[in-house]
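Each chain, letter by letter, is given below.
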Amino acid sequence: MGDSTEREQRLNRVYAAQGTDDIEQIYDEWADDYEEDVFTLGYTVPGVAAGFIGRHVPPGGKALDAAVGTGALGDILRVLDYSDLTGIDLSEGMMRRARAKGAYSDLRRMMLGEPLDFPDDAFDACFSVGVFTEGHAPPESFDELVRVVRPGGWMVFSVRADVYENGGFREKQQALEDEGKWWLVRMSDAFTMFPAMETSHDGRIFVYQIS
Ligand SMILES: C[S@@+](CC[C@H](N)C(=O)[O-])C[C@H]1O[C@@H](n2cnc3c(N)ncnc32)[C@H](O)[C@@H]1O
């Protein structure tokens, strides 16, 4: 509930989070209002990511939604015939909302940046939107995400444009390519993540294929 300024303040709170306990608490508390807030502010990222997923990733496989939140991406992907979706997130409150949607076959609490409780090559694809941003998951998260996607599988994710440049993402993504772990299929143009905000950050979608 609230006006646009209050919604923007709630959104900006997560960027200022101090560590994982803080971010977990903020998202647990925000879960019931999260979608109304971000979609009122015009949140574009799941929709743009779904476009790239539909262009590159054949439906029918087993996919991981990393930092699933309330399941906004799964809501779209279900309509596009991506039906075998597993979600992970650090916030049980956010995942409770995702669970209620019925778009995910499995939802489990796991932390990006730490070892993931999945075997190697467990998924045909991994999608992740809205979490590679300030104060959230680190670039090292990709080591584990790459491990759990099979060779030839796909990774499609967003990175906030300024965080890509200044938060170590550009270097980490290039290092994984240099190590032969994945190759870049597509980096999108920068686009506005929250068009109804007075000052919105830009985001980019990246599409990688696992080697
Ligand atoms: C902006 S929301 C995005 C949620 C959803 N993907 C979307 O687009 O609506 C960020 C999500 O990342 C989760 N998150 C933040 N840091 C995380 C981490 N290190 N590991 C796992 N989840 C994390 C939060 O709990 C929250 O649900």
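So, here's what we can say about the structure. (Residues numbered from 1 in each chain as written. Predicted model: local features only at pLDDT ≥ 70, side-chain atom pairs only at ≥ 80, totals over all residues.)

### Some thoughts on helix α4 (residues 72-79)
Filter applied, for reference: Here the C-beta atoms are placed from the backbone, and a residue counts as buried if at least 20 other C-beta atoms lie within 10 Å of its own, exposed if 12 or fewer do, and partly exposed otherwise. Only DSSP runs of H or I covering at least 4 residues are called helices, and only runs of E covering at least 2 are called strands; the numbering of each starts at the N terminus. Each residue gets a C-beta atom placed from its backbone, and two residues are in contact if those atoms lie within 7 Å.
Along α4, the residues that are buried comprise A72, L73, G74 and L77. Buried residues along α4 sit in contact with α2 (19-40), α3 (45-56), β1 (62-66), β2 (84-89), α5 (92-101) and β4 (123-132). A positive backbone phi angle near 75° is found at D81, which sits one or two residues after α4.

### Brief notes about the site of the ligand
Basically, it comes down to this: Residue proximity rests on one test: whether the C-beta atom, placed from the backbone, lies within 6 Å of the molecule or strand.
As a matter of local geometry, the ligand sits amid 23 residues, with A67, G69, S91, L112 and G130 nearest to it. Elements with a contribution of two residues or more to the shell around the ligand: α2, α3, α4 and β4.

### Quick look at unusual backbone geometry
Not every positive phi belongs to a glycine, and D81 is a case in point at roughly 75°. In this fold, D81 is placed in the loop between α4 and β2. With 10 C-beta atoms packed within 10 Å, D81 lands in the exposed category. Unusually for a residue other than glycine, D121 sits at a positive phi of about 55°. Structurally, the position occupied by D121 is in the loop between β3 (106-109) and β4.

### What to know about the nonpolar core
Stated formally: When buried Ala, Val, Leu, Ile, Met, Phe, Trp, Tyr and Cys residues are joined through C-beta atoms within 7 Å, the set is termed a nonpolar core.
Counting 60 residues, the largest nonpolar core has A49, C126, F127, M155 and V156 as the members making the most contacts within it. When sequence neighbours within four positions are dropped, the list of residues in contact with F127 reads A49, I53, A63, D65, L73, V156 and F157.

### So, the packing of helix α1 (residues 4-15) against α2
For clarity, the cut-off: All axes here are fitted lines through C-alpha atoms, helices being fitted over the stretch that makes contact, and every angle between N-to-C directions spans 0 to 180 degrees. Convention used here: angles under 35 degrees read as roughly parallel, angles over 145 as roughly antiparallel, angles from 65 to 115 as roughly perpendicular, and any remaining angle as oblique. Left-handed describes a crossing whose near helix is turned anticlockwise from the far helix by less than a right angle; the clockwise case is right-handed. Any residue that is not Ala, Val, Leu, Ile, Met, Phe, Trp, Tyr, Cys, Pro, Asp, Glu, Lys or Arg is counted as polar, Gly included; the first ten are nonpolar and the last four charged.
At a minimum axis distance of 10 Å, the contact between α1 and α2 shows a crossing angle of 140°. Taken together, α1 and α2 sit at an angle that is classed as oblique. The chirality of how α1 crosses α2 is left-handed. Across the interface between the two elements, R7, R10, L11, R13 and V14 of α1 pack against I23, I26, W30, D37, V38 and T40 of α2. Here the contact of α1 with α2 is built from residues that sort into six nonpolar, one polar and four charged.

### Here we look at α3
Convention followed: What a helix should span is 1.5 Å times the count of its residues minus one. Note that the arc is computed from the directions linking the helix axis to the C-beta atoms.
Here α3 spans 17 Å end to end across twelve residues, near enough to the 16 Å set by a 1.5 Å rise per residue. Within the sequence span of α3, burial applies to V45, P46, A49, A50, F52 and I53. End-on, the buried residues of α3 take up no more than an arc of 165°, which puts them together on one face. Structural note: α3 exposes G47 and R55 on the side pointing more than 90 degrees away from its buried face.

### Considering the packing of α3 against α4
Relative orientation of the contacting elements α3 and α4 amounts to 40°, with a least axis distance of 9 Å. As summarised for this structure, α3 and α4 are arranged oblique, according to the angle between their axes. For the crossing formed where α3 meets α4, the hand is right-handed. On α4, the residues touching P46, G47, A49, A50 and I53 of α3 are A72, L73, I76 and L77. In terms of residue class, the contact of α3 with α4 is built from eight nonpolar, one polar and no charged.

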